[in-house]
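For reference, the chains in residue letters:
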Amino acid sequence: MARLTIRVDLGKGGALGPGKIRLLEQIHAHGSISEAGRSMGMSYRRAWLLVDSLNRSIRQPVVSKQTGGRRGGGARLTPWGRRLVERYRAIETDAAFQRWVIAEIR
């Protein structure tokens, strides 16, 4: 069965697609880049590199990080990051609906 995948090219070699969006959702759910990466079967380094590339590719940071210490570190989506996830999912839903409409017409 065919699948619809949305990818947004950000220039400078950066892109935003379902994997990075899922990572952002997991960061929001866990409050941690390492936990988000672990939940997706990836290393902390890989997750951190993806977050860093997003923060560099988009005009405003999508994830804010707090360095570890006595109380531990953490990460959270910025308001811009939450909006980015919401908009991406809305585009994905709309595109899937449009695909369904076209299939029904045929």
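What you see is a predicted model, and the numbers here were worked out from it, not measured in a lab. (Residues numbered from 1 in each chain as written. Predicted model: local features only at pLDDT ≥ 70, side-chain atom pairs only at ≥ 80, totals over all residues. Heavy atoms only, no water.)

(A) A look at the side chain of Lys20. Its location among the elements puts Lys20 in helix 1 (residues 18–30). Buried within the structure, Lys20 lacks any salt-bridge partner; Asp9 is the closest side chain of opposite charge, at an N-O distance of 9.0 Å. When neighbours within four sequence positions are excluded, Lys20 is seen to be in contact with Ala15, Leu50, Ser53 and Leu54. (Helix = DSSP H or I, 4+ residues; strand = E, 2+ residues; numbered from the N terminus. Buried < 20%, exposed > 50% of the residue type's maximum accessible area, 1.4 Å probe, protein only. Lys, Arg positive; Asp, Glu negative; His and termini not counted. Salt bridge = Lys/Arg side-chain N within 4 Å of Asp/Glu carboxyl O. Contact = heavy atoms within 4.5 Å.)

(B) Molecular detail of the packing of helix 1 against helix 3 (residues 44–57). At a closest axis distance of 11 Å, the pairing of helix 1 and helix 3 adopts a crossing angle of 105°. Considering their axes alone, helix 1 and helix 3 lie roughly perpendicular with respect to each other. Residues Lys20, Leu23, Leu24 and Ile27 of helix 1 pack against Ala47, Leu50, Val51, Ser53 and Leu54 of helix 3. Class assignment of the residues belonging to the contact of helix 1 with helix 3 gives a composition of seven nonpolar, one polar and one charged. (Axes fitted to C-alpha atoms, helices over the stretch in contact; angles between N-to-C directions. Parallel < 35°, antiparallel > 145°, perpendicular 65-115°, else oblique. Nonpolar A, V, L, I, M, F, W, Y, C, P; charged D, E, K, R; others polar.)

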